[in-house]
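# Secondary and tertiary structure notes
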Amino acid sequence: MNYMKKFLKLVNNIIYKYYFSFLIFLITFNANSQIIDDFDGNLQLNHQTFNEDESIGAEKREPYSNGYINLIWKNNKFTAGQRLEFYKNPIPGFEEYAGQGISHRFLQFRDNNFDIIIGDFYEEFGSGLILKTYFDPGLGIDNSIDGLKIKYFTNSNIYLTGLIGKQKSFWDNQNDGMIRAINADVNLNNLLFKKWSTNINMGLSFVTKKESDNNPLYILPENVGAWNGRINMSGRKISVNIDYAYKINDPSSDNGYIYKNGNALIIESNYSVKGLGLVMGIKRIDNMSFRSERNAILQDLNINYITPLTKQQSYSLATIYPYISQPNGEMGTQLDVYYKIPKKTRLGGKYGMNLNINYSNMYSIEKSIYVDESLIGESGTMGYSSNFFSLGNDKLFQELNIELTKKINKKIKLLGTYINVQNNDQILKSQPILSNSNHEYINANIFILEILYKIKPKHATKIELQHLRTKEHFGNWAMGLIEYKLSPHWFWSIQDLYNYGNPEKDTHYYSISTGFNKKSNRLTLTYGKQRAGLFCVGGVCREVPASNGISISLTSSF
Amino acid sequence: MKRIYLILILCYSCDKIDPPYTQNTTQLSEKTVLIEKFTGHKCSNCPDASRKIDELSEFYGENLISIAIHPGDLPEFTGTDDNYTYNFTTNSSDIIANDMGANFLPLGTINRIEGGISNRCWTKEEWATQIDDLLYDPNGEPLSKNIDIEIFNSFNEKNKTLTIQTNFTLNTSLEGNHKLCVLIIEDGIIAPQVDGSDYIEDYEHNHIYRCSVNGEYGEEISKFLLPGVPSSGDFVGQFMYSAEHLTEINTTNNINWTSDWANISNCFVVAYIYNTKTLVIEHTEKHPIIND
């Protein structure tokens, strides 16, 4: 496949040679609106100071500044874009981002039938089981592909995508792995079932990664392929989505260099009528880590994304014990119920009341010794065999959420939440632990009351009271927050997280914040203490060190 | 139809590997590689690294010498408590762990070559490739060693003193200054270890760094040049350098070497020579303290 590498090298050379010329051309004629149809972009700038604070284990560090600006020029069917990023004195986990430069650039042509991108691009096939690349600066994730992507839309609702390129690893895209992928999304109603009221969509994807075998111990596959089939059927009240993926042998550091094939199944169904909504999902993942380099770790060079199938929490204490997707093996369910208790009933009162119950659990998958092998998961073997329908011995996570939302009158609205979370940190090992302690199975009960009070037009306040009770880990937490909002521009808030019953010492994490919004610009200023823990988005997490200092953040679109 | 062809071409380009999955053992190299594995008894992933060392040792035989270091500055992995009472840390190995960049576990240096994930530390998946590159040329031919080292040990059971004589010769003229470092490691220590989610009470810890004999970074080799021998030239069959060190197997050198301790038959002397500027280790030898 040397010609592929040569082709990509040529593409890169063209971009580097002519990209800036093209940008200068666009900028030069920017003032002339006949040449440039549109120019827009967005930026984010962050600055954080770090004071030493022994009470929370915060170290003194040089101030951390980071930011990015996306600039996009459009001219009829052509678009050019780039993102400049900088990271000064990055915090742990972001060290390899240190520096500044153009991290993302592309040229795009788009008309009614084609969408062609040369340069850096993001893509997602279905829910991402075999391909999803995205940018999340908060998590330090940018696994964009540098290469060529062609999308073709037919008139009969068939969408075809083909792409080839190398993934970005921090600032570098010169890693060994090369990705090639095709995808087809088809609306079957327009093609076959024109008279059906049920909308049926089907998708089929195939992704390969090419990486040379330079391992002296093992005979490694240089081309690893994965395919994904999915079908979505949605009627008036019911919808069902089935998503299945399969990956051939892909020994890697994630799976301990075993040769077992991987597979994944996610089924989600929805039922909704007026006042009632039900969502049910099941998920089974077996050996589905997929990266463009075998030895990549943490958030580096992930080709695919495993959706978590657990409730995504936003309250401070509810985010302490999150679930992190386990690509090596997990199996679980989620049930979500929304019910609106009607108005003018005993419980509903004048305005009615919303009830949301969410239950999710996740287990390990069953693993047994493979024929003629002596250990489970031994490197350089098939690894294990697994019964598709059997749960493993370990419960990894379970969460029950009961949430009530009640409008009392025109000024007051109450939100009450109870959460029971069981997090098997003995296995997940995602939580920071105290010295001389071990990872535990954590069982916590969380109570949250949020009060929204509209004082007068444009003046509103929010009060949050939260409590987490557990005998494990760092013990109990209490949290109080008062926020005052002067619409449409200002807000102020003060909060305190109090960790008590901690085996070492009780600690307050107080902070005050203020912010100013105008149009699509937002400036926030915070001073206070932040606990060490995990920052998670969609089942993907990174560790955040404890800190004490000021943080300033500016986001803007133009 | 063209689309179907395209899918078939892509499918055909997948490599399905049939067992056996391992490469054939290559011919033995003359050189040796030292791997310093940074580990901890509370590190759940560290036994995987030990298994990787075993696998590599089986593949490379005597060409691979390993040392296990428990960095004291990572107490969450190496600290002691009621469940993990054995203290594997030493001051000299802590210095090495810090200098090499062992800020999480498990990691390992490979002849202390630069690169890897943290300063000179490599993840276990990278070890094999780095070791292979140090033992064989790009054509797979074994590389010849540029230093010969021989170790002679004399242990006095009564007063627990150990005399170590290290003789060595530079087979080629090496650039820069070099140091000789001598240390003692111990196998067969039975103590608790977490392995994945399991607590193994009687885990066998091997290759444990116990103490340095001549300082954690050793001594200049020039001080061991035998009288009348020039520092370069052709000295086939004759050692150019000879170092003698005396140490004691007692609690001053390692807190676990108490009067009750009786594991000398599982102890080894390791001697290596490295470039003081690049810190890269040129050659390593290992020899048991008794059973000479």
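Quick look at the structure, then. Being a predicted model, the structure only gives us computed values, none of them experimental.

## With respect to the state of the cysteines
Residue and element names in this part refer to chain B.
- For the structure shown, the criterion picks out 1 disulfide over all chains.
- As a non-bridged cysteine, C267 has C211 as the owner of its nearest cysteine sulfur, 8.9 Å distant.
- By relative accessible area, C267 is classed as buried at 0%.

## As for the pattern of salt bridges
Residues and elements named next belong to chain A.
- Counted by the stated rule, this structure contains 32 salt bridges over all chains.
- Measuring nitrogen to oxygen at the nearest pair gives 4.0 Å for the salt bridge that ties D40 to K74. Of this pair, D40 sits in strand β1 (residues 38-50) while K74 sits in strand β2 (residues 61-75), placing them 34 residues apart in sequence.
- Under the relative-accessibility criterion, D40 is labelled partly exposed at 21%.
- Using a relative accessible area of 33% as the deciding quantity, one classes K74 as partly exposed.
- The residue D115 makes a salt bridge to R110 at a minimum N-O spacing of 2.9 Å.
- The buried category is assigned to D115, whose relative accessible area is 6%.
- Three or more residues are tied together by salt bridges with common partners; here these are K209, E211, K247, D250 and R294.

## Concerning the pairing of strand β10 (residues 178-187) of chain A
Residues and elements named next belong to chain A.
- Within β10, 9 of the 10 residues are buried, which leaves the element mostly enclosed by the surrounding structure.
- With 8 bridges joining them, strand β9 (residues 158-167) and β10 adopt antiparallel strand pairing. Bridge pairing links G162 to I182 in β10.

## Some remarks on the interface of chain B and chain A
- Across the contact, 34 residues belong to chain B and 36 residues belong to chain A.
- Summed over both partners, the interface of chain B with chain A comes to about 3100 Å²; 60% of that surface belongs to carbon and sulfur atoms.
- Here chain B is connected to chain A by 13 residue pairs in polar contact (both at pLDDT 80 or more).
- The class makeup of the residues in the side of chain B that touches chain A is 14 nonpolar, 10 polar and 10 charged.

## Some details on unusual backbone geometry
- Following S487 of chain A, the chain continues to P488 of chain A via a peptide bond in cis, the omega torsion being 0 degrees.
- In this fold, P488 of chain A is placed in the loop between β22 (476-486) and β23 (490-500).
- Backbone torsion omega between L105 of chain B and P106 of chain B reads -10 degrees, so that peptide bond is classified as cis.
- Tracing the backbone shows P106 of chain B in the loop between α4 (91-100) and β3 (107-110).
- One non-glycine residue, K458 of chain A, lies in positive phi territory at about 75 degrees.

## Structural notes on the environment of G229 of chain A
- Within the secondary structure, G229 of chain A sits in strand β12 (residues 223-234).
- Through-space distance from the C-alpha of G229 of chain A to that of I242 of chain A is 8.2 Å; in sequence the pair is 13 residues apart.

## As for a nonpolar patch on the surface
Residue and element names in this part refer to chain A.
- Taken together, I482, I494, Y510, I512, L523, L525, Y527, I550 and I552 make up a surface patch of nonpolar side chains, about 770 Å² in accessible area.
- At the level of elements, β24 (507-518), β25 (521-530) and β28 (547-557) are the ones that each hand at least two residues to the nonpolar patch.
- Here the nonpolar patch takes 3 residues from β25, the largest share from any one element.
- Along the chain, I494 turns up in strand β23.

## Quick notes on the sheet that holds strand β11 (residues 241-248) of chain B
Residue and element names in this part refer to chain B.
- Within the open sheet, the 3 strands sit side by side as β4-β5-β11. Their pairing is antiparallel. A strand with exactly one partner marks an edge of an open sheet, and here the two such strands are β4 (147-156) and β11. Sheet twist, expressed as the average angle between the axes of neighbouring strands with direction ignored, equals 15 degrees.
- Taken together, the 8 bridges between strand β5 (residues 161-170) and β11 define a ladder with antiparallel strand orientation. Across the sheet, residue T163 finds its bridge partner in β11, namely L246.

Cut-offs used in this document
Residues numbered from 1 in each chain as written. Chains lettered and ligands numbered in written order. Predicted model: local features only at pLDDT ≥ 70, side-chain atom pairs only at ≥ 80, totals over all residues. Heavy atoms only, no water. Disulfide = S-S within 2.5 Å. Buried < 20%, exposed > 50% of the residue type's maximum accessible area, 1.4 Å probe, protein only. Salt bridge = Lys/Arg side-chain N within 4 Å of Asp/Glu carboxyl O. Helix = DSSP H or I, 4+ residues; strand = E, 2+ residues; numbered from the N terminus. Pairing = 2+ DSSP bridges. Contact = heavy atoms within 4.5 Å. Buried area = accessible area lost by both parts, 1.4 Å probe. Polar contact = N/O pair within 3.5 Å; in protein donor to acceptor, adjacent residues only side chain to side chain. Nonpolar A, V, L, I, M, F, W, Y, C, P; charged D, E, K, R; others polar. Patch = residues over 30% accessible without salt bridge, like charges linked within 9 Å, V, L, I, M, F, W, Y side chains within 5 Å. Areas by Shrake-Rupley, 256 points an atom, 1.4 Å probe, with all protein chains shown as cover. Axes fitted to C-alpha atoms, helices over the stretch in contact; angles between N-to-C directions.

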